[in-house]
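Remarks on the overall topology
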Amino acid sequence: AISGTTMMTAYAQTGHVVEAKELFLRMPEKTSVSWNFMILVLANHKELARAKTLFDAMPERTAYSWNIMIQGYVDNSRFQSALAAFERMPQRSTASWNTVLAGLVAAGHLREAERVFEATPHRDLHAHNTMVSAYCKAGALHRARELFDETQNRNGVTWNTLLSGYATAGDMARTRSVFDKVPHRNFVCWNALLQAYVQNGQLSTAKATFDVSPCRDVASWNAMMQGFAEEGQLQDAELLFQRMPKRDVVSATALVVAYARHGHITQARALFDGLPVRDTIAWNAMIAAYTQAGLALDALNLFKVMDLEAVPLDHASLSSALDACATLAALREGKLIHSSILHSELFHSNTIVATSLITMYARCARLCEAKRAFDGLTKRD
RNA sequence: CACCCUCCUUGUCGAC
C-alpha cells in the first residue's frame, strides 16, 4: 500500500496542490513529514498565512518546520518576520542559520550577514558559499577572494560563485584564470564562463566557448541567444531559437522581449500566446513590452487577464500595471490594484511597488486637478 | 540512521 504521505508528495510535485491538500485533510494519522510537507507546499505557493496557521496547529514543530516558515518569509521579502521566527525557535539547525544568512544577503544587508556568519556555530560550506556570493554581489571581490581562499573543501558552487563574481565585475582576466583552475567543471561552470563573455560584449569568444563546451544545455543556448539579442542581432537570435534542441519558457521570454525591443509587438504577442508554459516573468515581460511600446491599454488589459488566470503576481507585474494606470490616468483601476495589494499583504514593504503607486496617484491627481480646473472654466463660461 | 528545508549559470521590472 502506498502511504498517504507518499501520495500527497506525489500530488504536490505534479502540481496538484488542491488534491494534496484534500488528501492531507483526510489523513487519519498525519505524520510529521506530512505536516511539514503541507506547510512547504503552502509557503511555496505564497499562501504564507495558511502555512502559518498550519504551522501553529502542528502538534510538534521541528527545526525543519521552522526553517520552512523562515524561508517562506524570506521569499516574500518579509525579513523582519523571518528574523523574529529565527529568534523565537527553540533550537536552530545549521540550515536555520544558513536560511537567515541567505535572507539577509538577499535583502542586501551585508553587515548584518557578516555578523550572523560570525555567530553561526557550525559554519559549513553552504554558509561560506553564501558569504562569498554576498561579497561578490556587493562588489567586494577582494573580500570574496579572501573568504574563498579560507574555505576548506570548496565545491563546484564555491568556484562558480567566485567566477561569476569576477565576470559581473568585468574582470575577464580573473574570470578566465579561475575557470582554468576549477578542478571539475560542471554545466554551471561552463555556462558561467559563456555568460561572462556575453555580458562583457565578447560575443565571438562566447560563441567559441559555446562551440567547444562539453556541457551544453538549454541555459547555454539561452545565454547565446540573449547575447545576439542584446547586440541587436535579432535574426541570429531567432535562428538560434529555431535550432535549439530544447526550448523552455526562458528561451521564449527572451525572444518575446527581443521582438518587442525591435518594434515587432505583434510577433512578440504571437509567440507569447503560443507558449505551453507561461510563468510570472513571461507575463511580466509581455506586459512591459506593451508599456514600453506606449500601448498602456494593452498592458493593463493583459495584466487583468494575468490576474484572472490566477498567475502569481510579483512586484514587477504590479509596478508595470500601475505604470500603465498612470499613463492612462486610470485612477479607478489604480485604486483597485492598490486595494488588492493591501488585501494580499504581500507587497506592503516593497519600495518598487510603492514608488509606482505614488507615481500613479500623482499623475492621476494632476489630471484630476486639470480636469477640475477645466470644468470650472467651462462653468464660468 | 536515512529522508524533506539553506549556496553557484540563462528570460521581465527595480525610484538621481
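Residues numbered from 1 in each chain as written. Chains lettered and ligands numbered in written order. Predicted model: local features only at pLDDT ≥ 70, side-chain atom pairs only at ≥ 80, totals over all residues. Heavy atoms only, no water.

1. With respect to the protein's contact with RNA strand B
As a matter of local geometry, RNA strand B sits amid 41 residues, with Tyr64, Asn98, Asn129, Asn222 and His315 nearest to it. When atoms of RNA strand B within 4 Å of the protein are sorted by moiety, sugar and phosphate together comprise 41%. Here Thr253 contributes a side-chain N or O atom positioned 3.1 Å from a base nitrogen of RNA strand B. Split by residue class, the surface near RNA strand B holds 18 nonpolar, 21 polar and 2 charged. (Near = heavy atom within 4 Å. Polar contact = N/O pair within 3.5 Å; in protein donor to acceptor, adjacent residues only side chain to side chain. Nonpolar A, V, L, I, M, F, W, Y, C, P; charged D, E, K, R; others polar.)

2. Quick notes on unusual backbone geometry
The backbone phi angle of Asn153 is positive, close to 50°, even though this residue is not glycine. Relative to the helices and strands, Asn153 is located in the loop between helix H10 (141-150) and helix H11 (156-168). Despite not being glycine, Ala310 shows a phi value in the positive range, around 60°. The residue Ala310 is located in the loop between helix H20 (296-308) and helix H21 (315-328) in this model. (Helix = DSSP H or I, 4+ residues; strand = E, 2+ residues; numbered from the N terminus.)

3. Some thoughts on the packing of helix H6 (residues 79-88) against helix H7 (residues 94-106)
Where H6 meets H7, the axes come as close as 11 Å, and the angle between the chain directions of the two elements is 160°. Taken together, the axes of H6 and H7 lie roughly antiparallel to each other. Crossing geometry of H6 relative to H7 is assigned as left-handed. In this structure, H6 contributes Phe79, Leu83 and Phe86 to the contact, and H7 contributes Ser96, Trp97, Val100 and Gly103. Among the residues making up the contact of H6 with H7, the classes are represented as 5 nonpolar, 2 polar and no charged. (Axes fitted to C-alpha atoms, helices over the stretch in contact; angles between N-to-C directions. Parallel < 35°, antiparallel > 145°, perpendicular 65-115°, else oblique. Left-handed = near helix turned anticlockwise from the far one by under 90°. Contact = heavy atoms within 4.5 Å.)

4. Details of the pattern of salt bridges
Per the stated rule, a full pass over the model turns up 11 salt bridges. For the salt bridge of Glu114 with Arg111, the shortest nitrogen-to-oxygen distance reads 3.1 Å. Of this pair, Glu114 and Arg111 both sit in helix H8 (residues 110-119), 3 residues apart, which is roughly one turn of that helix. Arg111 gets classed as exposed once you look at its relative accessible area, which sits at 61%. Salt-bridge contacts for Asp180 lead to Arg176; the nearest nitrogen and oxygen are separated by 3.3 Å. Pair noted here: Asp180 and Arg176 are both in helix H12 (residues 172-181), with a separation of 4 residues, about one helical turn. Residue class for Asp180 comes out partly exposed when judged on its relative accessible area of 44%. (Salt bridge = Lys/Arg side-chain N within 4 Å of Asp/Glu carboxyl O. Buried < 20%, exposed > 50% of the residue type's maximum accessible area, 1.4 Å probe, protein only.)

5. Concerning H8
Of all the positions in H8, only Ala113, Glu114, Val116 and Phe117 are classed as buried. Relative to the axis of H8, the buried residues are bounded by an arc of 165° and lie together on one face. Away from its buried face, by an angle of more than 90 degrees, H8 presents the exposed residues Arg111, Arg115 and Glu118. (Arc of directions from axis to C-beta.)

6. Description of the state of the cysteines
Such a bond, covalent and formed between the sulfur atoms of two cysteines, is termed a disulfide. What the rule picks out here adds up to 0 disulfides. Cysteine Cys136 remains unbridged, with the sulfur of Cys189 as its closest cysteine sulfur at 14 Å. The thiol of Cys215 is not disulfide-bonded; the next cysteine sulfur, from Cys189, is found 8.3 Å away. (Disulfide = S-S within 2.5 Å.)

7. A closer look at helix H5 (residues 63-75)
End to end, H5 covers 18 Å across 13 residues, agreeing with the expected 18 Å (1.5 Å per residue, within 8%). The buried fraction of H5 is high, at 10 of 13 residues. Among the residues of H5, those classed as buried are Ala63, Ser65, Trp66, Asn67, Ile68, Met69, Ile70, Gly72, Tyr73 and Val74. Positive phi shows up at Ser77, right after H5, with a value of about 60°. (Expected span 1.5 Å × (residues − 1).)

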